[in-house]
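Notes for the structure review
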There are 2 protein chains.
Amino acid sequence: MLNDGGTSVLECIVTKFGGSSLANDEQFKKVRSILELEPTRQYLIPSAPGKRFPSDEKVTDLLYACHSLASEGRPFAEEFRKIRERYLSIAAGLHLKVDIASALDQVEQGIAAGNSADWCASRGEYLCGLLIADYLGWRFLDAAEGIVFSENGRLLDDETQAKLSAALADRKPTVVPGFYGATRSGEVRTFSRGGSDITGALVARAVGADVYENWTDVSGFLMADPRIIDGPAEISSITYKELRELSHMGASVLHEDAMFPVHRAGIPTNIRNTNKPYHPGTMISKNPPNELSVPTITGIAGHKGYSVISVEKNMMNSEVGFGRKVLQVLEDRNIPFEHLPTGIDSMCVVVASEALNPAREDVLAEIGKLVEGSGSVSISDQMSIIATVGRGMVHNCGTAARLFSAMSRARINVRMIDQGSSELSIIVGVNDSDFEATIHAIYHEFVG
Amino acid sequence: MLNDGGTSVLECIVTKFGGSSLANDEQFKKVRSILELEPTRQYLIPSAPGKRFPSDEKVTDLLYACHSLASEGRPFAEEFRKIRERYLSIAAGLHLKVDIASALDQVEQGIAAGNSADWCASRGEYLCGLLIADYLGWRFLDAAEGIVFSENGRLLDDETQAKLSAALADRKPTVVPGFYGATRSGEVRTFSRGGSDITGALVARAVGADVYENWTDVSGFLMADPRIIDGPAEISSITYKELRELSHMGASVLHEDAMFPVHRAGIPTNIRNTNKPYHPGTMISKNPPNELSVPTITGIAGHKGYSVISVEKNMMNSEVGFGRKVLQVLEDRNIPFEHLPTGIDSMCVVVASEALNPAREDVLAEIGKLVEGSGSVSISDQMSIIATVGRGMVHNCGTAARLFSAMSRARINVRMIDQGSSELSIIVGVNDSDFEATIHAIYHEFVG
């Protein structure tokens, strides 16, 4: 479809609204007006109602609490009353006709009957989906009819794609509740918390959406952590790869597993703010189209609390397999490594201290055996890792120079550097005490 | 022993002279005057006579040629005549009394009798040792009586230390020919080429030398390759660790295995120039004593011809053991890796193209299996690795900034960075076409 100006317009948008976007009847009204702004928004994936104010409780938490009480044979009516009140007040505020009271009774009976934790938790999205479908006048598709899990709770990707696209083939506007699905035998299973993002991505892929809109309570991603940088700039455009590098290192508003279905299907994800519907948010795509100018860096993220296992061994470089043996020691203890800077006769393994500490002495002893008589192993702690990420850094000669000059001016000592051949990021290691100063130095160098 | 000024003087120096330092009778005279300059130079390890002029032949090469001809049943008299002439001319020039003619006859008979290649090659040092011991009036100790090898040709380190230190316990000035030793049953075995350096280090350790002097035809190490940098600065002081990093990356005047015995025994090695006996050369030590000022960088070295195996895999970072599996593929094919820069969901393995190429397709296929359906693997070639090494870089905030600024000004794109926690070196990867320009940029930034 072409509009008057001859540029293509979006034909099909899948929207996912988070818990804060559906916390009460006022938020439901915002959702409807957002959908009315753009008629190609034809699919909606709701989360369960979230917090209306900071001390409020999320419906999903209340449902888990009810299940927990019921499974111990204790009364849960008090907790369930809070759930009932949330849904009834939304239905009343919007004058909805759907018989939500009966649906709530069935959920209460299901909990009392000893249904699974997954089933209980999933009812938050299920009930919310019933309300929003009624409010919009859209079809309701139970996610148990479209999202297929294996008996051990793993998503069956191909089967889900087939079932969902068949169910939605008629292209009627549809509400599909987030967070859950069912096994072939009909047992409800959920994703991990925040999994409505995944449902949205699966629906977007199934209908071949042009865009997957993920509506939250923030206007997309920020270039740096606002607890460290005051009022950081917003990221208007980011690639899936960049986002993955950043989200590995810091907080994210998106469930990690939610990126892959849409990424692989070539569908961009747009993070939007329900409370600022005209803000363009952050567009996540495989290859940002028609970039007139790319900022040098896209974002900065980091973590404190890494340990460095330093291994020295005479003639290590002449010994094929030594590095593999060191990694085997960690693998045997289920400790993932983050970075592996190497010198001649020395290698460092950077791991999260939290992952290392339970097996710390054991790891020292085992690697100690590998270097016995001809080397040494030691662990130093309190290292931060900071990733500076940007597709604008590729083939840009000056980025590393600017980054390290900024750190030098701030008198920060570099403990580690790792830049892979992707050139998409530069990783630096600094003392934990230099963590915030490093992010400041890099941010102000590149953003101002 | 204390001299008048109250500072300690050296009590025992072990000297090793290379082939060019013993190429003819004029060079023998230089060696004697060097020994006379410092009476604590009490041990001498000679190589076999080397080249007197660029197109000359080394005695060791001639001996291997004789053995090769003899083993094919072909006459080798012509080649042996050249050997005989070398030794006889030195003996004549110095008016030596030792019966070198008979010793040469015995060697010729040994070659004709089918003695091993190791035995034949070792005679170069053996005969040279006879000459220099006679010239100096020192005792001659056949290395077969002091250096012990296993039957399969590996140095028996502890046994050698015991036997050598017993043989030299009387502290009489002694000549020990380099390059060879013998098994317990008396079979002569040699080190790899250049192995006289190792003999010298073993003698230095056995007698507890204060310094191991390695006399060559250069005045120590240079900060950069003189084929790239015009008249590079000399390195006056370097640690064993720094030298190992540099020599792994570039040419070296020292056999790699020669560093460990003295390094571990805490004995410094002094690289000296036989043709400039008053030049202090390069002092290699564990911890350089009393450094008033340390230059920021000690040296720069690099190599062309590396390949980067880039592996991408969804959620790689969540999969403990993936990195180890990739290294296993290389280990199974006996390919050592040089660097391992990692991103999120991506890792690069940097290997020498020469080592990779024979198994290139096989490696691609095997790693391809590891990422099947959820990732990719590719190889890019023509990367150079350049190591900038310096103990002065430790805790120096500005080094990385200066290095990358210099590269940026030269418009060189950085393909890879690896700095381990030792902070002793920064490794950069650049295109082969930028190799020389990178060394120029770094050298002139730090040295001027």
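Coordinates for the structure precede this section.
First things first, this report covers the structure right here in the doc.

Rules of the game
- Note that residues are indexed from 1 along each chain, following the sequence as it is written.
- Here the convention is simple: chains get letters from A, ligands get numbers from 1, in the order in which they are written.
- It should be noted that, the model being predicted, local features are given only for residues of pLDDT at least 70 and side-chain atom pairs only at 80 or more, the latter also being counted only at that level, while totals for whole chains, interfaces and linings use all residues.
- Computation of side-chain values covers all heavy atoms of the structure but excludes hydrogens and water.
- Numbering of helices and strands runs from the N terminus, with a helix taken as a DSSP run of H or I at least four residues long and a strand as a DSSP run of E at least two residues long.
- The charge count treats Lys and Arg as positive and Asp and Glu as negative. His and the chain ends do not count.
- Here the site of a charge means atom NZ of a Lys, CZ of an Arg, CG of an Asp or CD of a Glu.
- To sort residues, take the accessible area from a 1.4 Å probe on protein chains only and compare it with the maximum for the residue type: under 20% means buried, over 50% means exposed, and anything in between is partly exposed.
- Strand pairing follows a simple DSSP-based rule, namely that at least 2 bridges must link the two strands.
- With the strands pointing away from the viewer, any crossover whose connection runs clockwise from the first strand over the helix to the second is right-handed.
- What makes two residues a contact is simply this: any of their non-hydrogen atoms within 4.5 Å.
- Note on definitions: buried area is the accessible-area loss of two parts on being combined, 1.4 Å probe, summed for both.
- For this analysis, a salt bridge means a side-chain nitrogen from Lys or Arg found within 4 Å of a carboxyl oxygen belonging to Asp or Glu.
- Polar contact is defined as a pair of N or O atoms within 3.5 Å, subject to the rule that within protein one atom must be able to donate a hydrogen and the other to accept it, and that residues adjacent in sequence are counted only when both atoms are side-chain atoms.
- A least-squares superposition brings the copies together, and it is based on the C-alpha atoms of residues with pLDDT no lower than 70 in both.
- Working definition: a ring pair exists when centres of Phe, Tyr or Trp rings (six-membered ring for Trp) sit within 6.5 Å. Plane angles under 30 degrees give stacked, over 60 give edge-to-face, the rest tilted.
- We call a charge positioned over a ring when the NZ of a Lys or the CZ of an Arg lies within 6 Å of the ring centre and within 35 degrees of the ring normal.
- Definition of nonpolar core: a set of buried residues of the types Ala, Val, Leu, Ile, Met, Phe, Trp, Tyr and Cys, connected through side-chain atoms within 4.5 Å.
- A fitted line through C-alpha atoms serves as each axis, taken over the contacting stretch for helices, and the angle formed by two N-to-C directions is quoted from 0 to 180°.
- Angular relationships are summarised with four words: roughly parallel below 35 degrees, roughly antiparallel beyond 145, roughly perpendicular across 65 to 115, and oblique for the angles in between.
- Classes in brief: Ala, Val, Leu, Ile, Met, Phe, Trp, Tyr, Cys and Pro nonpolar; Asp, Glu, Lys and Arg charged; the others, Gly included, polar.
- One less than the number of residues in a helix, times 1.5 Å, gives the span that helix is expected to have.
- Two helices that cross are described as forming a left-handed crossing if the nearer one is turned anticlockwise from the farther one by less than a right angle, and a right-handed crossing if clockwise.

Turning our attention to the overall build of chain A. For chain A, the count of helices and strands is 14 helices and 16 strands. A principal-axis box enclosing the C-alpha atoms of chain A has dimensions of 75 × 65 × 40 Å. Charge centroids of chain A, computed over 43 positive and 57 negative side chains, lie 2 Å from each other.

What follows is about the pairing of strand S1 (residues 13-17) of chain A. Residue and element names in this part refer to chain A. In terms of burial, S1 is largely enclosed, as 5 of its 5 residues are buried. Looking at chain direction, S1 and strand S2 (residues 41-46) are connected through 5 bridges and run parallel. Note that in S2 the partner of Phe 17 across the bridge is Pro 46. Traced from S1 through helix H1 (residues 25-37) to S2, the parallel crossover comes out right-handed. Note: S1 against strand S8 (residues 211-216), 5 bridges, orientation parallel. Residue pairing for S8: Ile 13 is matched across the bridge by Val 211.

What follows concerns the interface of chain B and chain A. At the junction of the two partners, chain B supplies 56 residues and chain A supplies 56 residues. Of the roughly 5,200 Å² buried between chain B and chain A on both sides combined, carbon and sulfur atoms contribute 54%. Summed over the shared surface of chain B and chain A, the number is 4 salt bridges. At the surface where chain B touches chain A, the tally comes to 18 residue pairs in polar contact (both at pLDDT 80 or more). Only helix H8 (240-249), helix H9 (259-264), strand S12 (299-313), helix H10 (322-332), helix H13 (399-409) and strand S15 (416-419) of chain B provide two or more residues apiece to the side of chain B that touches chain A. Across 3 bridges, strand S15 (residues 416-419) of chain A lies against S15(B) in antiparallel orientation. Pairing of A:Asp418 across the sheet is with B:Asp418, part of S15(B).

This paragraph deals with the side chain of A:His339. Its place among the elements puts A:His339 in the loop between helix H10 (322-332) and strand S13 (346-352). There is a polar contact of 2.7 Å between the side chain of A:His339 and the side chain of A:Asp418. Within the local environment of A:His339, its side chain forms a polar contact with the side chain of B:Thr342, the two groups lying 3.0 Å apart. Those residues within four positions of A:His339 in sequence are excluded, and the remaining contacts are A:Cys348, A:Val349, A:Val350, A:Ile385, A:Met416, A:Asp418, A:Ile427 and B:Thr342.

Moving on, we get to the relation of the copies chain B and chain A. Both copies of the chain are related through a single rotation about an axis accompanied by a shift along the same axis. Between chain B and chain A, which share one sequence, the superposing operator has a rotation angle of 180 degrees and an axial displacement of 0.0 Å; the RMSD is 0.1 Å. Classification of the inter-copy transformation places it as that of a two-fold axis. A shared binding surface is used by both copies, with 100% of the interface residues of chain B retained as interface residues in chain A.

The next subject is the packing of aromatic side chains. Given two aromatic rings, one states the distance between the centres and the angle between the planes to describe the pair. Following the criterion strictly, the structure yields 9 aromatic pairs over all chains and no others. On the numbers, 6.4 Å between centres and 55 degrees between planes, the contact of A:Phe28 with A:Tyr135 is tilted. You can see A:Phe28 sitting in helix H1 and its partner A:Tyr135 sitting in helix H5 (residues 117-136), a full 107 residues away along the chain. Pair check on accessibility: A:Phe28 and A:Tyr135 agree, each one buried. An angle of 15 degrees between the planes, with centres 5.7 Å apart, marks the rings of B:Phe17 and B:Trp215 as stacked. Residue B:Phe17 is found in strand S1 (residues 13-17), and its partner B:Trp215 is found in strand S8 (residues 211-216); the two are separated by 198 residues along the sequence. Per residue, the accessibility class of B:Phe17 equals that of B:Trp215, and both read buried. Directly above the aromatic system of A:Tyr180 lies the positively charged group of A:Arg123, at a separation of 5.3 Å from the ring centroid.

Another aspect to go through is the nonpolar core. By size, the foremost hydrophobic cluster in this structure holds 232 residues, and its most contacted members are A:Tyr87, A:Phe404, B:Tyr87 and B:Phe404. Ignoring sequence-local partners within four residues, the contact set of B:Tyr87 consists of B:Ala48, B:Pro49, B:Val59, B:Ile100, B:Leu104, B:Arg123, B:Gly124, B:Leu127, B:Cys128 and B:Leu131. Within the second largest apolar cluster, 41 residues are counted, among which are A:Val329, A:Val349, B:Val311 and B:Val371.

Attention now goes to the packing of helix H4 (residues 100-112) of chain A against H5(A). All names here are of chain A. Interaxial distance between H4 and H5 falls to 11 Å at its minimum, and their mutual angle equals 175 degrees. In terms of their interaxial angle, H4 and H5 are classed as roughly antiparallel. Contacts from Ile 100, Ala 103, Leu 104, Gln 106, Val 107, Gly 110 and Ile 111 in H4 reach Trp 119, Cys 120, Arg 123, Leu 127, Leu 130 and Leu 131 in H5. Taken together, the residues of the contact of H4 with H5 break down into 10 nonpolar, 2 polar and 1 charged.

Residues and elements named next belong to chain A. Looking at where Asn 357 falls in the secondary structure, it is placed in the loop between helix H11 (353-356) and helix H12 (360-370). Residue Asn 357 is classed as partly exposed on the basis of its relative accessible area of 40%. Along the sequence, Asn 357 and Leu 94 sit 263 residues apart, while their C-alpha atoms lie 53 Å from each other.

Since one α-helical turn is 3.6 residues long, residues separated by three or four positions face the same way. All names here are of chain B. Over its 12 residues, helix H14 (residues 435-446) extends 17 Å from the first C-alpha to the last, a length consistent with the 16 Å expected when each residue adds 1.5 Å. Buried residues of H14: Phe 435, Thr 438, Ile 439, Ala 441, Ile 442, Tyr 443 and Phe 446, and no others. On its buried face, H14 sits against S12, strand S14 (375-389), H13 and strand S16 (425-431). Following H14 by one or two positions, Gly 448 adopts a phi angle in the positive range, close to 105 degrees.

A few words on the sheet that holds S1(A). Strand pairing within a sheet occurs via backbone hydrogen bonds; the two strands may be parallel or antiparallel. All names here are of chain A. The strand order S3-S5-S2-S1-S8-S10-S11-S9 describes an open sheet built from 8 strands, whose pairing is mixed. The sheet terminates laterally at strand S3 (139-140) and strand S9 (237-239), the two strands that pair on one side only. Contacting S9, strand S10 (269-273) and strand S11 (282-285), helix H8 (residues 240-249) crosses the sheet at an angle of about 85 degrees to S9.

What follows covers the packing of helix H13 (residues 399-409) of chain A against H13(B). Packing of H13(A) against H13(B) brings their axes to within 8 Å, and their N-to-C directions diverge by 150 degrees. Here H13(B) runs roughly antiparallel to H13(A), going by the angle between their axes. Remark: the crossing between H13(A) and H13(B) carries left-handed chirality. Contacts between H13(A) and H13(B) involve A:Ala400, A:Ala401, A:Phe404, A:Ser405 and A:Ser408 on the former and, on the latter, B:Ala400, B:Ala401, B:Phe404, B:Ser405 and B:Ser408.

Turning next to the environment of A:Gln419. Among the structural elements, A:Gln419 can be located in strand S15. Relative accessible area serves as the criterion here: at 4%, A:Gln419 is assigned to the buried category. C-alpha of A:Gln419 to C-alpha of A:Ala169: the two residues are 250 residues apart in sequence and 45 Å apart in space. Leaving out residues up to four positions away in the same chain, A:Gln419 has contacts with A:Ser425, A:Ile426, B:Pro341, B:Val414, B:Arg415, B:Met416 and B:Ile417.

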